[in-house]
Amino acid sequence: MTARTQRTRLFAAGVAAVSVSLVLTGCGSSKSSSGSSTGANASVTVPAVAADPSLAALVPADVKSAGKIVVATDASYAPNEFKDDKGAIVGMDVDLANAIAKKLGLTADVQNATFDAIIPGITGNKYTMAMSSFTDTKEREASVDMVTYFSAGTGAAVKKGNPDKIDPTDLCGKKVAVQTGTTQADAVKDTINPACVKAGKPTVPNDGDKFDLQTDVTQALVSGRDQVMLADSPVVDYAIKQTNGQLEKVGQVTDTAPYGVVLAKNSPLSKAVQGAVQSLMADGTYKSILEKWGVQAGAIDKSVVNGAAS
């Protein structure tokens, strides 16, 4: 759940969903990212979404007859997708998924899933759609369609005051927290550590400290188990806020790239979803949802199918 991106620079985007109760009590592994507050801006009103008949007409017959879109997400990646204190899955991606479904005359059945099982679930027809902060990449487009809807960059977080003097452009020998099955984990193994070996420096131990949940990635940093975590910029910002300043950003945001809604390759639903996203941008719903979650800096103005640059 971490994005979950394909990077060519030194470090890759990760995720740092965080639970206030988890981080502040110093608990160990958690199976949810619930907290005492979602962190949403209650002053932002999101407009009601009505079905668009022209877009609904593009929905395949089997999906239309089901009346719903089964949406997979890894709910450990606040503020994009996570669980609130009642166990409900909430977040920017969840609100957008619900709005997309309504534009198409459907409902969204949002289901929690392990991040590295989501794309196989799409290709295996377990899920109709996925919104889990997946970066649109050429590699992913080889097996699925991706409808762009957001833009995020890569950041790094450390403990407040950066006690270990972490330089995110040189992570050789550092304890780096990453999520299992994500491309930031691959970046440690395939990019960072080979560069360290070439430079004659110690590598990141074990190709990174890997966790199944991003809540645990953040907790590993807060507890001092690890020295740095790699994360998408909106997730780093949210983690810092929700941990009451126990963490801080270090270095610059790099590698900006689009997120994509994931659908089956060559699915007729892809065009319908792209149209729905564009319509939500045009009517202001999209902007309101991003503002609700404080991530409006990642807004884009045009959605495309398979728009990866690399």
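You'll find the structure just up there.
All values derive from a computational prediction rather than experimental measurement.

A.B. asks: Just checking my understanding: could you explain the overall build of the protein for this structure?
C.D. replies: Within the protein, the secondary structure is distributed over 11 helices and 11 strands. Surface summary for the protein: the accessible area is close to 12,200 Å², and the carbon and sulfur share equals 50%.

A.B. asks: How do you make sense of the sheet that holds strand S1 (residues 68-73) when you look at a structure like this?
C.D. replies: Sheet strands pair by backbone hydrogen bonding; their relative direction is either parallel or antiparallel. If you trace the 8 strands from one edge of the open sheet to the other, you get S5-S1-S6-S11-S7-S10-S8-S9, paired in mixed fashion. Looking at strand neighbours, the two that pair on one side only are strand S5 (107-112) and strand S9 (209-211), the edges of this open sheet. Pairing of S1 with S5, which is carried by 6 bridges, proceeds in the parallel orientation. In the strand pairing of S5, lysine 68 is matched with threonine 107.

A.B. asks: Just to check I follow, could you spell out unusual backbone geometry for this structure?
C.D. replies: Among all residues save glycine, negative phi is the norm, and among peptide bonds the norm is trans. Here the bond from alanine 78 into proline 79 is cis, since omega is 5 degrees, no more than 30 degrees from zero. Relative to the helices and strands, proline 79 is located in the loop between strand S2 (76-77) and strand S3 (81-83). The backbone phi angle of asparagine 162 is positive, close to 45 degrees, even though this residue is not glycine. Here asparagine 162 is to be found in the loop between strand S7 (144-159) and strand S8 (176-179). Taking relative accessible area as the criterion, asparagine 162 reaches 12% and is therefore assigned buried.

A.B. asks: Would you mind showing me how to read the packing of helix H4 (residues 92-103) against helix H11 (residues 285-292) here?
C.D. replies: Each pair of packed helices can be described by the angle between their axes along with the distance between the axes. Between H4 and H11, whose axes approach to 9 Å, the crossing angle comes to 160 degrees. When the interaxial angle is binned, H4 and H11 end up roughly antiparallel. Of the two possible hands of crossing, H4 and H11 adopt the one that is right-handed. Between H4 and H11, the residues in contact are Met92, Asp95, Leu96 and Ala99 and Thr285, Tyr286, Ile289, Leu290 and Lys292, respectively. A class-by-class count of the residues in the contact of H4 with H11 yields 6 nonpolar, 1 polar and 2 charged.

A.B. asks: Please clarify how the pairing of strand S10 (residues 228-232) should be interpreted in this entry.
C.D. replies: Residues in a regular strand project their side chains so that they alternate between the two faces of the sheet. Of all 5 residues that make up S10, 5 are buried, and the element is covered over most of its length. What you see with S10 is no split at all: Val228, Leu230 and Asp232 on one side and Met229 and Ala231 on the other are buried throughout. Here S7 runs beside S10; their pairing, made up of 4 bridges, is antiparallel. The residue of S10 that forms the bridge with glycine 155 is alanine 231. The sheet contact formed by S8 and S10 spans 2 bridges and is parallel. Among the inter-strand pairings, alanine 177 is bridged to a residue of S10, identified as methionine 229.

A.B. asks: Where do I start with the sheet that holds strand S4 (residues 89-90) in this structure?
C.D. replies: Pairing is antiparallel in the open sheet, where 3 strands are placed in the order S2-S3-S4. Of all strands in the sheet, those bounded by a partner on one side alone are S2 and S4. Note: S2 against S3, 2 bridges, orientation antiparallel. Within S3, the residue paired with serine 76 across the bridge is phenylalanine 82.

A.B. asks: Looking at this structure, I do not really get the nonpolar core. What am I missing?
C.D. replies: Within soluble globular proteins, side chains that are nonpolar generally end up buried alongside one another. Met92, Leu104 and Val273 are the most contacted members of the largest nonpolar core, which totals 42 residues. No other element matches the 7 residues that helix H10 (residues 269-283) contributes to this core. Once you skip the residues sitting within four places of it in the chain, valine 273 turns out to touch Ile100, Leu104, Met129, Val147, Val261 and Leu263. Ala156, Val158, Val176 and Val228 belong to the second largest nonpolar core, which has 15 residues in total.

A.B. asks: Just checking my understanding: could you explain the state of the cysteines for this structure?
C.D. replies: Applying the stated criterion across every chain, the model contains 1 disulfide. Shown here is the disulfide that connects cysteine 172 with cysteine 196, its sulfur atoms set 2.0 Å apart. The chirality of the disulfide connecting cysteine 172 with cysteine 196 is left-handed, given an S-S dihedral of about -95 degrees. Here cysteine 196 lies in helix H7 (residues 183-198) and cysteine 172 lies in the loop between S7 and S8, a separation of 24 residues in the sequence. Of the two residues, cysteine 172 and cysteine 196, neither departs from the other in class, the shared state being buried.

A.B. asks: It is not clear to me how the environment of alanine 51 should be interpreted in this structure. Could you clarify?
C.D. replies: Following the sequence through the fold, alanine 51 ends up in the loop between helix H1 (20-25) and helix H2 (53-56). For alanine 51, a relative accessible area of 47% puts it in the partly exposed group. Placed 52 residues apart in sequence, alanine 51 and lysine 103 show a C-alpha to C-alpha distance of 4.2 Å. Among all residues touching alanine 51, those that are not within four sequence positions of it are Lys102, Lys103 and Gly105.

Calculation criteria
- Residues numbered from 1 in each chain as written.
- Predicted model: local features only at pLDDT ≥ 70, side-chain atom pairs only at ≥ 80, totals over all residues.
- Heavy atoms only, no water.
- Helix = DSSP H or I, 4+ residues; strand = E, 2+ residues; numbered from the N terminus.
- Areas by Shrake-Rupley, 256 points an atom, 1.4 Å probe, with all protein chains shown as cover.
- Pairing = 2+ DSSP bridges.
- Buried < 20%, exposed > 50% of the residue type's maximum accessible area, 1.4 Å probe, protein only.
- Axes fitted to C-alpha atoms, helices over the stretch in contact; angles between N-to-C directions.
- Parallel < 35°, antiparallel > 145°, perpendicular 65-115°, else oblique.
- Left-handed = near helix turned anticlockwise from the far one by under 90°.
- Contact = heavy atoms within 4.5 Å.
- Nonpolar A, V, L, I, M, F, W, Y, C, P; charged D, E, K, R; others polar.
- Core = buried A, V, L, I, M, F, W, Y, C linked by side-chain atoms within 4.5 Å.
- Disulfide = S-S within 2.5 Å.

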